[in-house]
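This is what each chain is made of:
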Amino acid sequence: ETGVTQSPTHLIKTRGQQVTLRCSSQSGHNTVSWYQQALGQGPQFIFQYYREEENGRGNFPPRFSGLQFPNYSSELNVNALELDDSALYLCASSSGQGVAEAFFGQGTRLTVV
Amino acid sequence: AQSVTQLGSHVSVSEGALVLLRCNYSSSVPPYLFWYVQYPNQGLQLLLKYTTGATLVKGINGFEAEFKKSETSFHLTKPSAHMSDAAEYFCAVSVGTGFQKLVFGTGTRLLVSP
């Protein structure tokens, strides 16, 4: 079992609302990556934070934003929610900018109605 | 661009039978390759990874995979399936130099019947 924890585990939001998802990275890890997994699909990379700075981004619109805090925990914020944002959101923590030792949390299931 | 293709969205086996899940990759540089397992309503758990060195990689729960450059493949196998192996399996390749991200396949659901 990894030390990556995500909260909340489930939530339901209305179209147009805003949502914040949280991720606590594993002890000793300074990098957090976020992925979106739509139903029946593989995870898609959203962005990565390394030492409190965004240092890589996937093909997601600007209404997807994030933060990383000095303790290396992270938030994913999504504004103006759309129905297609319904998905499992996964965070992965790692040490440095590589992925060879990335560990995933259990995910947050977001449903937009 | 680096990518992976998983052949077969569903694979069904009987308990005790060989498990073979297929993954082919596309990469212009030597790839790092991964297999993850996902149980219902859970996150991703790393089964095994290939970075450099030995091409036959052993992972957890009796799974192994072989990196075959000539075939651009990284198929996952297990000699004898167990009911607890029923899950979704994802192949992934790492992409990037300054920073790395994982690019996943679409997944293969393994069904194990008694």
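Presented here is an overview of the structure given in this document. (Residues numbered from 1 in each chain as written. Chains lettered and ligands numbered in written order. Predicted model: local features only at pLDDT ≥ 70, side-chain atom pairs only at ≥ 80, totals over all residues. Heavy atoms only, no water.)

**Observations concerning the overall build of chain A**
Consideration 1: Counting its regular elements, chain A contains 0 helices and 11 strands.
Consideration 2: Mapped in sequence order, the helices and strands of chain A form the string β-β-β-β-β-β-β-β-β-β-β.
Consideration 3: For a compact globule of 113 residues, the expected C-alpha radius of gyration is about 13 Å, and chain A comes in at 13 Å, within 12% of that figure.
Consideration 4: Principal-axis analysis of the C-alpha atoms places the extent of chain A at approximately 40 × 30 × 25 Å.
Consideration 5: In chain A, once contacts between residues fewer than 6 apart in sequence are set aside, the share between residues at least 24 apart is 54%.
Consideration 6: Here chain A displays about 5,200 Å² of accessible surface, and carbon together with sulfur accounts for 48% of that area.
Consideration 7: Averaging the coordinates of the 7 positive side-chain charges in chain A and doing the same for the 9 negative ones gives two points 7 Å apart. (Helix = DSSP H or I, 4+ residues; strand = E, 2+ residues; numbered from the N terminus. Rg over C-alpha atoms; globule rule 2.2 N^0.38 Å. Contact = heavy atoms within 4.5 Å. Areas by Shrake-Rupley, 256 points an atom, 1.4 Å probe, with all protein chains shown as cover. Lys, Arg positive; Asp, Glu negative; His and termini not counted. Charge placed at Lys NZ, Arg CZ, Asp CG, Glu CD.)

**Details of the side chain of Ser33 of chain A**
Residues and elements named next belong to chain A.
Consideration 1: Here Ser33 lies in strand β4 (residues 31-37).
Consideration 2: Here Ser33 falls in the buried class, since its relative accessible area comes to 4%.
Consideration 3: One polar contact links Ser33 to Gln48, side chain to side chain, over a distance of 3.1 Å. (Buried < 20%, exposed > 50% of the residue type's maximum accessible area, 1.4 Å probe, protein only. Polar contact = N/O pair within 3.5 Å; in protein donor to acceptor, adjacent residues only side chain to side chain.)

**Some remarks on the packing of aromatic side chains**
Between two aromatic rings, the relevant description is the distance of the centres plus the angle of the planes.
Consideration 1: Throughout the structure, instances matching the rule amount to 13 aromatic pairs over all chains.
Consideration 2: Aromatic pair Phe34 of chain B and Tyr36 of chain B: ring centres 6.2 Å apart, planes at 25°, arrangement stacked. Assigned by exposure class, Phe34 of chain B and Tyr36 of chain B land together as buried.
Consideration 3: Ring centres 4.3 Å apart and planes at 15° place the aromatic pair Tyr50 of chain B and Phe67 of chain B in the stacked group. Separated by 17 residues along the polypeptide, Tyr50 of chain B in strand β5 (residues 44-50) and Phe67 of chain B in strand β7 (residues 64-68) bring together distant segments of the chain. When sorted by exposure, Tyr50 of chain B lands in the same class as Phe67 of chain B, which is buried.
Consideration 4: Ring-pair connections join several aromatic residues into one group, and the members of that group are Tyr35, Phe45 and Phe104 of chain A together with Phe34, Tyr36, Phe90 and Phe104 of chain B. (Phe/Tyr/Trp six-rings, centres within 6.5 Å; stacked < 30°, edge-to-face > 60°.)

**As for the pairing of strand β11 (residues 108-113) of chain B**
All names here are of chain B.
Consideration 1: Of the two faces of β11, the one lined by Thr108, Leu110 and Val112 is fully buried and the one lined by Arg109, Leu111 and Ser113 carries no buried residue.
Consideration 2: Bridge count between strand β2 (residues 10-14) and β11: 5 bridges; the pairing is parallel. Among the inter-strand pairings, His10 is bridged to a residue of β11, identified as Arg109.
Consideration 3: Judged from the 3 bridges that link them, strand β9 (residues 87-95) and β11 form a sheet pairing that is antiparallel. When the bridges of β11 are listed, Tyr89 appears paired with Thr108. (Pairing = 2+ DSSP bridges.)

**Considering the state of the cysteines**
All names here are of chain A.
Consideration 1: Per the counting criterion, the structure on display carries 2 disulfides over all chains.
Consideration 2: The disulfide that involves Cys23 links it to Cys91, with 1.9 Å between the sulfurs. On the sign convention where negative is left-handed, the bridge of Cys23 and Cys91, at about 65° about the S-S bond, is right-handed. Of this pair, Cys23 sits in strand β3 (residues 19-24) while Cys91 sits in strand β9 (residues 87-94), and the two are 68 residues apart along the sequence. Both residues of the pair, Cys23 and Cys91, count as buried. (Disulfide = S-S within 2.5 Å.)

**A short note on the nonpolar core**
Consideration 1: In terms of nonpolar packing, the biggest core is built from 27 residues, with Trp35, Leu48, Leu76 and Tyr89 of chain B touching the most fellow members.
Consideration 2: At the level of secondary structure, the elements contributing two or more residues to this core comprise β2, β3 (19-26), β4 (33-38), β5, β7, β8 (73-78), β9 and β11 of chain B.
Consideration 3: Broken down by element, this core gets its largest block of residues, 5 residues, from β9 of chain B.
Consideration 4: Val4, Phe60, Leu76 and Cys91 of chain A belong to the second-largest nonpolar core, a separate cluster that totals 20 residues. (Core = buried A, V, L, I, M, F, W, Y, C linked by side-chain atoms within 4.5 Å.)

**Examining the pattern of salt bridges**
Consideration 1: In the structure shown here, the tally under the stated rule is 7 salt bridges over all chains.
Consideration 2: Between Arg63 of chain A and Glu82 of chain A there is a salt bridge whose closest N-O contact spans 3.3 Å. Of this pair, Arg63 of chain A sits in the loop between β6 (53-57) and β7 (64-68) while Glu82 of chain A sits in the loop between β8 (74-78) and β9, and the two are 19 residues apart along the sequence.
Consideration 3: Taking the relative accessible area as the measure of exposure, Arg63 of chain A reaches 16% and is therefore buried.
Consideration 4: Its relative accessible area of 39% is what places Glu82 of chain A among the partly exposed residues.
Consideration 5: Residue Asp85 of chain B is joined to Lys78 of chain B by a salt bridge in which the shortest nitrogen-to-oxygen separation is 2.8 Å. Each member of the pair, Asp85 of chain B as well as Lys78 of chain B, carries the same accessibility label: buried.
Consideration 6: In the salt-bridge network here, residues are joined through shared partners; they are Arg63, Glu82 and Asp85 of chain A. (Salt bridge = Lys/Arg side-chain N within 4 Å of Asp/Glu carboxyl O.)

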